[in-house]
Amino acid sequence: MDALTITAGPFTFGARFETAAAPKTCAKFRSLLPYEGQIVHVRWSGEGVWIPLGDTDFGLGYENHTSHPAPGQFILYPGGISETEILLAYGGVQFSSKMGQLAGNHFITITEGLENLAELGKRTLWQGAQPIRFELAR
C-alpha cells in the first residue's frame, strides 16, 4: 500500500510513502494519485528539482519537516511565505526561497533507481522541464 512507481523524464524509480512519519501528507497526496506534473530545476536550494504548485492549499501543516532532505527524498512545502511546492533532492540541498530558508514535509523516499537520480537532476538543469508521474506500485 505504501509502494510507489515514479516516472521522471526517461527514468523509473521505486519509492515508498513515509506514512508513519508524515501520515497527513501521505494521505493527502495518495488521494491525488495518479499524479502528473513537471519538474524544473531549483533556483535557490542546491541540487534538487521541484514541482511548483503556486497557491495550492493542501490544508496541511508541518509534520516530519526538514530543510535538508537527503538525495532521493521528496518534501512537500505546504505554502506560507513562499509558494506551495514538492521538492526532490538529488544531491546537497538546503531548502530555500528568495524569502530565506524553508522546511517541507518529508513524505516519499526513493528506494530503487537511485543511480539515475543525479542524471535526472542534470538533465532537468541542462535540458529543461521533465514530466513526472506518481502512481501506486502494482
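Refer to the structure above for everything that follows.
The structure reproduced in this document is the subject of the present report. (Residues numbered from 1 in each chain as written. Predicted model: local features only at pLDDT ≥ 70, side-chain atom pairs only at ≥ 80, totals over all residues. Heavy atoms only, no water.)

As for the overall build of the protein
Looking only at helices and strands, the protein features two helices and eleven strands. Listing each helix as α and each strand as β along the protein from the N terminus yields β-β-α-β-β-β-β-β-β-β-β-α-β. For 138 residues, the compact-globule estimate of 2.2 N^0.38 gives 14 Å, and the C-alpha radius of gyration of the protein, at 13 Å, lies within 12% of that figure. By its C-alpha atoms, the protein is 35 × 35 × 20 Å across when sized along the principal axes. Taken across its 138 residues, the protein has 49% of its residues classed as buried. (Helix = DSSP H or I, 4+ residues; strand = E, 2+ residues; numbered from the N terminus. Rg over C-alpha atoms; globule rule 2.2 N^0.38 Å. Buried < 20%, exposed > 50% of the residue type's maximum accessible area, 1.4 Å probe, protein only.)

Here's the deal with the pattern of salt bridges
Opposite charge on two side chains permits them to pair, given that their charged atoms come into close proximity. Using the criterion set out here, one finds four salt bridges in the structure. Between Arg16 and Glu18 there is a salt bridge, with its nearest N and O atoms 3.1 Å apart. For Arg133, the salt bridge goes to Glu36, with nearest N and O atoms at 2.3 Å. Linking Arg133 in strand β11 (residues 130-136) with Glu36 in strand β3 (residues 35-41), this pair joins segments that are 97 residues apart in sequence. Overall, Arg133 belongs to the partly exposed group, its relative accessible area being 26%. Residues participating in the shared-partner salt-bridge network are Glu36, Arg133 and Glu135. (Salt bridge = Lys/Arg side-chain N within 4 Å of Asp/Glu carboxyl O.)

Quick notes on the layout of surface pockets
By volume, the largest pocket amounts to about 180 Å³. Forming the boundary of the largest pocket are 13 residues, of which Arg43, Trp44, Trp50, Ser82 and Ser97 lie nearest the centre. Those elements giving two or more residues to the lining of the largest pocket turn out to be β7 (85-93) and β8 (96-97). Of the residues that constitute the lining of the largest pocket, the class distribution is five nonpolar, four polar and four charged. (1 Å grid on protein atoms, 1.4 Å probe; cavity = no way out; pocket = protein on both sides within 12 Å on 5 of 7 lines; lining within 4 Å. Points joined across faces, edges and corners; volume = space filled by probe spheres on them. Nonpolar A, V, L, I, M, F, W, Y, C, P; charged D, E, K, R; others polar.)

Re the environment of Ala137
Counting through the fold element by element, Ala137 comes out in the segment after β11. The class for Ala137 is partly exposed, based on a relative accessible area of 34%. Put simply, Ala137 and Gln94 are 43 residues apart on the chain and 30 Å apart in space, counted from C-alpha to C-alpha. Not counting residues within four places of it along the chain, the set of residues in contact with Ala137 comprises Ala3, Leu4 and Thr5. (Contact = heavy atoms within 4.5 Å.)

Let's talk about helix α2 (residues 117-127)
Turning to α2, its buried residues number three or more, namely Leu117, Leu120, Gly121 and Thr124. What you see down the axis of α2 is that its buried residues fit within an arc of 100°, all on one side. Seen from the buried face of α2, the exposed residues on the opposite side, beyond 90 degrees, are Trp126 and Gln127. Phi turns positive, to about 100°, at Gly128, one or two residues after α2. (Arc of directions from axis to C-beta.)

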